[in-house]
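Structural overview
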Number of protein chains: 2
Amino acid sequence: MKRAKKKIFADFIAQRGLKSTKQRDIILDSFLSSDRHLSIEELYLKLRAKHSNIGYATVYRTLKLFAEAGIAREMQFGDGQTRYEHVGEGEHHDHLVCTRCGNIEEFENETIEQLQSEIAASRGFLIERHRLELYGLCVNCRK
Amino acid sequence: MKRAKKKIFADFIAQRGLKSTKQRDIILDSFLSSDRHLSIEELYLKLRAKHSNIGYATVYRTLKLFAEAGIAREMQFGDGQTRYEHVGEGEHHDHLVCTRCGNIEEFENETIEQLQSEIAASRGFLIERHRLELYGLCVNCRK
DNA sequence: AATCCGATGAAAGTGATTTTCATTGGCATA
DNA sequence: TATGCCAATGAAAATCACTTTCATCGGATT
Ligand SMILES: [Mn+2]
Ligand SMILES: [Mn+2]
Ligand SMILES: [Zn+2]
Ligand SMILES: [Zn+2]
């Protein structure tokens with residue numbers, strides 16, 4: 001699926017008349033082989049270790065591109081940093097965020113999704129996207 | 001309930017050894033008679049119309065106090081501004097946010113809340129708070 | 001009224017982006 | 001392969017939304 005995402009991004013680049021560059025390749029590689037829920041700064045620092053020539057602005061702009069291309073999702077967990085996570089075609093999940101250690105777990109619940117649809121439908125509201133986050137203490141942080 | 005919240009804030013002020021001031025009274029009045037989900041800047045501008053002597057920093061600090069006192073809740077809907085909404089003792093609700101006109105509707109769903117608890121429990125996670133927001137088009141913006 | 005110390009507001013500081021701009025470099029074309 | 005165009009890059013500057021500082025003000029207690 002790393003291959004699949006590279007293909008999606010290459011197609012996106014081509015279809016938009018953008019250019020394939022060394023930096024974009026490197027950033028995409030690094031992003032795809034990273035933990036999920038990475039902040040721009042975290043990815044930037046990780047990249048600098050091997051490629052001191054890549055600028056923060058390029059990482060920032062490239063992650064935006066990934067989001068536009070549909071291979072990344074921008075997230076805010078309230079810690080003041082924008083995070084990006086991998087997303088696959090048609091995939092969706094929500095999060096449990098530990099307020100002590102910062103750990104982020106994922107979950108899916110079809111019943112909740114269904115109830116959301118019903119709530120929206122009952123008001124004539126058309127859902128484009130949603131966010132559901134449970135904040136608290138993870139099993140490790142409860143001691 | 002406007003009276004009730006003023007009482008709660010007055011008690012909070014007293015119990016913390018803080019001072020009752022003209023500014024706090026004015027800001028609380030304005031906040032309580034405002035639409036829900038107000039940003040600091042919106043409240044500040046609204047206040048300036050009548051009270052040009054109130055500073056932004058005071059509005060900012062006073063809204064934080066309201067949150068600490070339990071009569072306001074700080075929210076982020078992804079538009080880059082922190083918003084504050086009125087909250088009552090033990091009340092909770094989630095939101096439908098229109099991405100076109102910015103309108104915010106509220107809803108409560110006990111079944112969803114229950115499912116959240118079950119998800120957390122199954123992982124040993126202790127929920128402190130959560131946020132559930134449905135983004136999309138409100139009934140008016142769907143044309 | 002005097003005193004104490006929290007409250008206020010104008011201005012400065014912060015931190016995370018976001019934009020600018022001079023320079024670089026894909027890549028289509030000759 | 002050489003040329004030209006214009007997108008891409010990166011260092012630095014600018015923004016934005018707070019957040020803090022600090023000199024001064026003003027409730028509340030004595
Ligand atoms: Mn995730
Ligand atoms: Mn609300
Ligand atoms: Zn934890
Ligand atoms: Zn709308």
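Preceding block: the structure.
Quantities reported herein were computed from a predicted structural model and do not represent experimental measurements. (Residues numbered from 1 in each chain as written. Chains lettered and ligands numbered in written order. Predicted model: local features only at pLDDT ≥ 70, side-chain atom pairs only at ≥ 80, totals over all residues. Heavy atoms only, no water.)

**Here we look at the nonpolar core**
Note the following rule: By nonpolar core we mean a set of buried residues, namely Ala, Val, Leu, Ile, Met, Phe, Trp, Tyr and Cys, connected to one another through side-chain atoms within 4.5 Å. Exposure is judged per residue with a 1.4 Å probe applied to protein chains only, and the accessible area is read against the type maximum: over 50% gives exposed, under 20% gives buried, and values in between give partly exposed. Secondary structure elements are defined from DSSP: runs of H or I of at least 4 residues count as helices, runs of E of at least 2 residues count as strands, and each element is numbered from the N terminus. The contact criterion used throughout is that any non-hydrogen atoms of two residues lie within 4.5 Å.
Membership of the largest hydrophobic core comes to 26 residues, with the highest contact counts inside it found for Phe107(A), Ile112(A), Leu132(A), Phe107(B), Ile112(B) and Leu132(B). Residue assignment for this core shows that the elements contributing at least two residues are strand S4 (94-98), helix H5 (110-121) and strand S6 (126-137) of chain A together with strand S4 (94-98), helix H5 (110-122) and strand S6 (126-137) of chain B. When residues no more than four places from it in sequence are discounted, the contact partners of Ile112(A) are Leu132(A), Ile112(B), Leu115(B), Gln116(B) and Ile119(B).

**Some thoughts on H5(A)**
The condition that has to hold: A helix is expected to reach a length of 1.5 Å times the quantity of its residues less one.
Along its 12 residues, H5(A) runs 16 Å from first to last C-alpha, staying within 8% of the 16 Å computed at 1.5 Å per residue. Lining the buried residues of H5(A) we find S4 and S6 of chain A together with S4, strand S5 (104-107), H5 and S6 of chain B.

**Thoughts on the coordination of the zinc ion (ligand 3)**
Residues and elements named next belong to chain A. Inclusion rule: Metal-coordinating donors are taken as N, O and S atoms lying within 2.8 Å of the metal, or within 3.2 Å when the metal is Na, K or Ca; because water is left out, some sites can appear incomplete. Geometry is assigned from the angles between donors: four donors with all angles from 85 to 135 degrees make a tetrahedral site, four or six donors whose opposite pairs exceed 155 degrees while the rest stay between 65 and 115 make square planar or octahedral sites respectively, and everything else is labelled irregular.
Donor atoms from the polypeptide that bind the zinc ion (ligand 3) are Cys98 (SG), Cys101 (SG), Cys138 (SG) and Cys141 (SG), placed at 2.2 to 2.3 Å. The coordination sphere of the zinc ion (ligand 3) comprises 4 donor atoms, whose angles at the metal cover 105 to 114°; the geometry is tetrahedral. Here the donor residues of the zinc ion (ligand 3) share one chain and are spaced in sequence as C-x2-C-x36-C-x2-C. Placement of Cys98 in strand S4 and of Cys141 in the segment after S6 is noted, with a sequence separation of 43 residues between them.

**Topic: the pattern of salt bridges**
For clarity, the threshold we go by: By definition here, a salt bridge exists when the distance from a side-chain nitrogen of Lys or Arg to a carboxyl oxygen of Asp or Glu is within 4 Å.
Per the stated rule, a full pass over the model turns up 22 salt bridges over all chains. Of the charged contacts in the structure, one is a salt bridge between Arg131(B) and Glu133(B), with a shortest N-O distance of 2.9 Å. Each of the two residues, Arg131(B) as well as Glu133(B), counts as buried. Salt bridges here are not isolated pairs; linked through shared partners, they connect Arg131(A), Glu133(A), Arg131(B) and Glu133(B).

None of this, on its own, says anything about what the molecule does.
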